[in-house]
Amino acid sequence: MIRLSLIVIAGFVMSACASGAPSSTYPGFQPRPGQGQYVRPAYLNAQPTPIVPAVDACRSQLYQGLLGQHEGAIYIAGLPGRKRVIKPATLEGFDYSPEDSFYDQPPFVEVRDFLPQQSLYAPSINTVTERINLGPEIGDRLTIELDAEGYVQTLDCR
């Protein structure tokens, strides 16, 4: 009896598998395009590492927080790389007077150049020159321009 019942059950199972048709009466599932597929979120896509732009070779963008600071509060020699400080200057004995309306700004500037990795407090070169003769443009040199009282006005690469 047990043997007969096992043969009948096996026959039903074999007939269900042999027909190839699903035993369900529901229609087959047809997914819509893209449904059921994993879509990677945009924020997980690879992003290039942000770098300082090539036009800012001296990294002046990093030091914009120094604007408005007094030069006495900044350890200028500690800033990395080549740098120079430009401050308005006057020379006695020349026919310049601040009240003269011909000049927009003082024609003479004091230029202090610092060498890369210089750990001294004093600049390596300190000269007074005319503003139009400031010297060559150097793209990786941080130039700090001060006003007459010594406050930082501009920072750029030149």
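In case you missed it, the structure is sitting above this.
Residues numbered from 1 in each chain as written. Predicted model: local features only at pLDDT ≥ 70, side-chain atom pairs only at ≥ 80, totals over all residues. Heavy atoms only, no water.

### Some thoughts on the overall build of the protein chain
Point 1. Check the secondary structure of the protein chain and you find 1 helix and 5 strands.
Point 2. Going from N to C terminus, the protein chain has its helices and strands arranged as α-β-β-β-β-β.
Point 3. Here the protein chain holds 158 residues, and 25% of them are scored as buried.
Point 4. For the protein chain, long-range pairs separated by at least 24 residues make up 54% of all intrachain contacts whose partners lie at least 6 apart in sequence.
Point 5. Carbon and sulfur atoms make up 59% of the accessible area of the protein chain, which totals about 12,100 Å². (Helix = DSSP H or I, 4+ residues; strand = E, 2+ residues; numbered from the N terminus. Buried < 20%, exposed > 50% of the residue type's maximum accessible area, 1.4 Å probe, protein only. Contact = heavy atoms within 4.5 Å. Areas by Shrake-Rupley, 256 points an atom, 1.4 Å probe, with all protein chains shown as cover.)

### Comments concerning the pattern of salt bridges
Any two side chains of opposite charge can pair, on the condition that their charged atoms come close.
Point 1. Counted by the stated rule, this structure contains 5 salt bridges.
Point 2. A salt bridge links E110 to R112; the shortest N-O distance between them is 3.6 Å.
Point 3. E110 gets classed as partly exposed once you look at its relative accessible area, which sits at 21%.
Point 4. Given the relative accessible area of 14%, R112 is considered buried.
Point 5. D156 is the partner of R158 in a salt bridge, and the nearest nitrogen-oxygen pair spans 3.0 Å.
Point 6. The exposure class of R158 is buried, given its relative accessible area of 18%.
Point 7. For D156, a relative accessible area of 26% puts it in the partly exposed group. (Salt bridge = Lys/Arg side-chain N within 4 Å of Asp/Glu carboxyl O.)

From the geometry alone we can't say anything about function, so treat these as descriptive.
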